[in-house]
Amino acid sequence: MYDHELAQERNYVDGLYSRLDELRAEKVEQLADVRRAKSMGTHQNRSERDAFATLYENRLAQLNAVDDKLVFGRLDLESGENRYIGRIGLSTADLRQLMVDWRAPEAGTFYQATAFERMGVRRRRHLILQGRNVKAIEDDVLDHTMLVDGEHLQGEGALLAALNSKRTGRMNDIVGTIQSEQDRIIRSPLSGALVVQGGPGTGKTAVALHRAAYLLYTHRERLQSAGVLLVGPSNAFMKYIERVLPSLGETGVVMASLGQLLPGIIATAPETPEVSLLKGRIEMTQVIANAVANRQRLPHQDVRLDVEGTRLVLTVRQVRRARDRARALGKPHNEARVTFVKTLLGELTTQLREHIEENSAGNTADRSYLADDVRGSRDVRVMLNLCWMPMSPQKLVRDMFSKPEILKAVTPNLTDAERALLARPANAPWSESDIPLLDEAAELLGDLDETGGRAEAAADAQRKRDLVNAEKAISNMNQQLEDSGVDGMLTAEQLADFNVVEGERLSNAERALTDRTWAYGHVVVDEAQELSPMQWRLLVRRCPVKSFTIVGDIAQTSSAAGAISWQQALTPFMGERWNLEELSVNYRTPIQIAEAAVRMANAAGQIVSAPKAVRDGEWEPLVDLVSPDAVVAQVVAVMEEESTAVAGGLVAVIAPTSLVAETAAALRAVYGHRVGHGAGSVEQNIVVIDPHEAKGLEFDGVVIVEPAALLAGAGGRVGDLYVAMTRPTQRLRLISSEPLPVGIEK
């Protein structure tokens, strides 16, 4: 009976893949047709073809991304219908449904139906695929009348099979094994902020990613143009999850780490907890505002300026009046500067005209050139810049931290010790905690036209020349048409537009990445407990409608600027517009390891949510106590044993930042290219990382180096050690030269 059912499923799945291939070929042909015709027709026609090309490209990317495990389930309903569930929806050419998208309402019962509440489902079948072949089937029989002589089909368990599989250094989707509590959260309404609190191994990240895919499917019209932003804690984490959304049929989500949220800047420089805490305070908004105001200065006294040999006087009163007038507009610094400059240039031009007229004995010659003389004076240009300098966010923040007199002027409420923490050279690289400060500066400064308006003027002049040339060409063409008895129908604007060289066509996601002011329709934040108030301020600016999915675990907070409660983190920005959901089951961490991590946290005074672990492990946490000079050597000595224990799976060595390079070098001397070091190396057999880089990742085995040092380095907060202890799916080993933190051992 099983073999017969398996053969039937293989036949049906073959048909689904055949249809997938047909659709791919169709989109390839349509895209080729569009590209061949792209250079022909009017500007409007080319725009329409670009839109079709984008449509075909996106659909083709989706069809290519879902090939692996295209279909994973089947529902047998009381109505007699058999409904297949997969990564996308598929229909025949005559619109007969072959497979339902997992996000569709009619697919929800695949995750929600139980034997006690069948929701019209008699049997739920899991299809276990290897490549394009159905390797096995597993049935959940919800209607007992379907059982024949007490028999039913059994498999190894789709969920446990997924949990026990080897890690690859890349996150896999859970679309075929979503559990009921996860599905309820994934399908929650779009509006407002949804906080998903969950301990280690509860699938927070997977839920967040599947929710992003679900919202894009359900609210396509609203979210497709505005887009969805997904923010993670590190570049390593973003690489770890980057394949999940495409595998769920979504390719247009903007993904960025906290250090990539400002276009043109990738912030990776390390920073001490004390500096991160200081920069993360919401009071830094006033510091940045002070720094902007500091660049709108009054001269100490009236200033004499030379304009073409004539001495003019710029008074302090004139500058103050122009400054107050520009500030009253409420515009950003660089935009308000236009008014400031225009006001003073007008007053200086009037002063110059009056001076010349007093000495010209009634000469009434045209003096319109005087404005250009004033504007071109070097003295005038220098003085206007000293009083109101056009400024980029980078220069503002660099000057603020590198020039002691500016730092002291803009931080009246900081101590000398705090200013010393912030001080740094002008060429220092950017850190993650700098990004919100730069964003705040960009908001207050506005756009900076470094050409002084020349680029816009040049573009206008070129447009005028294009129109003149087009009019001449049309005049000649229309005369020829009239001689032939045909009226001319082409305008100069149409001809000029036709000859415009179009730039590279960007998707919404690509445009959003280059536009700081882009307003997203929804933002997903992972490891959200780590965000500082300034980082939250930046993210809320990215999504003014405050539609968020926020996932994290307060117990895992390790950043000095991070949250101690969701209430403290979110209320200043969201008010009461947020709801809390909690995941209660730990699918990843074996019971023995999960209990040790909770004991350690509780012993340190941290109350943590302790989700119920569903898997028994083979090993209790292993502990090696060695002398301080033997720690790294012990890591090398046990690595073969650790790799063998997890059958050649992925092993992470999580060490204090100060030991990462030394440990990686020692391991590489023995294991060569099998060893990876730091962010972006999680696809190698052995990876050496610090706790920050380990956030959100999972490994078959974990070796923790100097656990007591992880606690000390985080100021006694358990977040780093708690995170490190809960990364393994099979085995945990701790190597220490100091007594273990209390609670790890029973």
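What you see is a predicted model, and the numbers here were worked out from it, not measured in a lab.

### Examining the overall build of the protein chain
- Secondary structure assignment for the protein chain yields 30 helices and 22 strands.
- Within the protein chain, the proportion of its 746 residues that are buried is 51%.
- Considering only contacts within the protein chain whose residues lie at least 6 apart along the sequence, 73% involve residues at least 24 apart.

### Structural notes on the environment of Met255
- On the secondary structure map, Met255 appears in strand S9 (residues 254-257).
- Separated by 16 residues in the primary sequence, Met255 and Lys239 place their C-alpha atoms 9.7 Å from one another.
- With residues near it in sequence (within four places) discarded, Met255 still touches Leu230, Met238, Ile241 and Glu242.

### What about the pairing of strand S2 (residues 82-86)?
- Of all five residues that make up S2, four are buried, and the element is covered over most of its length.
- With five bridges joining them, strand S1 (residues 71-77) and S2 adopt antiparallel strand pairing. Note that in S2 the partner of Asp76 across the bridge is Asn82.
- In this structure, the hairpin formed by S1 and S2 is closed by a connection of four residues, where Gly80 is found at a positive phi of approximately 95°.
- Relative to strand S4 (residues 97-101), S2 runs parallel, the two being bridged by two bridges. Note that in S4 the partner of Ile85 across the bridge is Val100.

### Overview of the UniProt feature "binding site: ATP" (unreviewed entry) in the protein chain
- Within this structure's numbering, the places UniProt gives as "binding site: ATP" (unreviewed entry) are Gly198, Gly199, Pro200, Gly201, Thr202, Gly203, Lys204 and Thr205.
- On the secondary structure map, Gly198 appears in strand S7 (residues 193-198).
- For Gly198, the contacting residues outside a window of four places in its chain are Lys204, Gly552, Asp553, Gln556 and Leu583.
- If near-sequence neighbours (up to four positions away) are discounted, Thr202 is found in contact with Gln182, Leu583, Val585, Asn586, Tyr587 and Pro611.

### Digging into the sheet that holds S1
- Overall, mixed pairing links the six strands, which are arranged S3-S4-S2-S1-S5-S6 in an open sheet. In the strand order of this sheet, the two ends are held by strand S3 (90-91) and strand S6 (133-141), each with one partner.

### Thoughts on the sheet that holds strand S22 (residues 728-736)
- Sheet architecture is open: six strands sit in the order S17-S22-S21-S18-S20-S19, paired in parallel fashion. In this open sheet, the two strands that pair with only one neighbour each are strand S17 (622-625) and strand S19 (675-677). On average, each strand axis in the sheet is tilted by 20° relative to the strand beside it, whichever way the strands run.
- Here four bridges tie strand S18 (residues 651-654) to strand S21 (residues 699-705), and the two strands are oriented parallel to one another. Along S21, the bridge assignment pairs Ile654 with Ile704.
- Strand contacts of helix H27 (residues 657-671): S18, S19, strand S20 (686-689) and S21, with the helix running at about 160° to S19, the strand carrying the most contacts.

### Considering the packing of helix H12 (residues 316-328) against helix H13 (residues 333-358)
- Put simply, H12 and H13 touch, their axes get as near as 8 Å, and they point 145° apart. Relative to H13, the crossing made by H12 is right-handed. Touching Gln318, Val319, Arg321, Ala322, Arg323, Arg325 and Ala326 of H12 are Ala336, Thr339, Phe340, Thr343, Leu344, Glu347 and Gln351, all from H13.
- Split into classes, the residues belonging to the contact of H12 with H13 amount to six nonpolar, four polar and four charged.

Procedures and definitions
Residues numbered from 1 in each chain as written. Predicted model: local features only at pLDDT ≥ 70, side-chain atom pairs only at ≥ 80, totals over all residues. Heavy atoms only, no water. Helix = DSSP H or I, 4+ residues; strand = E, 2+ residues; numbered from the N terminus. Buried < 20%, exposed > 50% of the residue type's maximum accessible area, 1.4 Å probe, protein only. Contact = heavy atoms within 4.5 Å. Pairing = 2+ DSSP bridges. UniProt positions renumbered as here; feature names shortened; annotations may be inferred. Axes fitted to C-alpha atoms, helices over the stretch in contact; angles between N-to-C directions. Left-handed = near helix turned anticlockwise from the far one by under 90°. Nonpolar A, V, L, I, M, F, W, Y, C, P; charged D, E, K, R; others polar.

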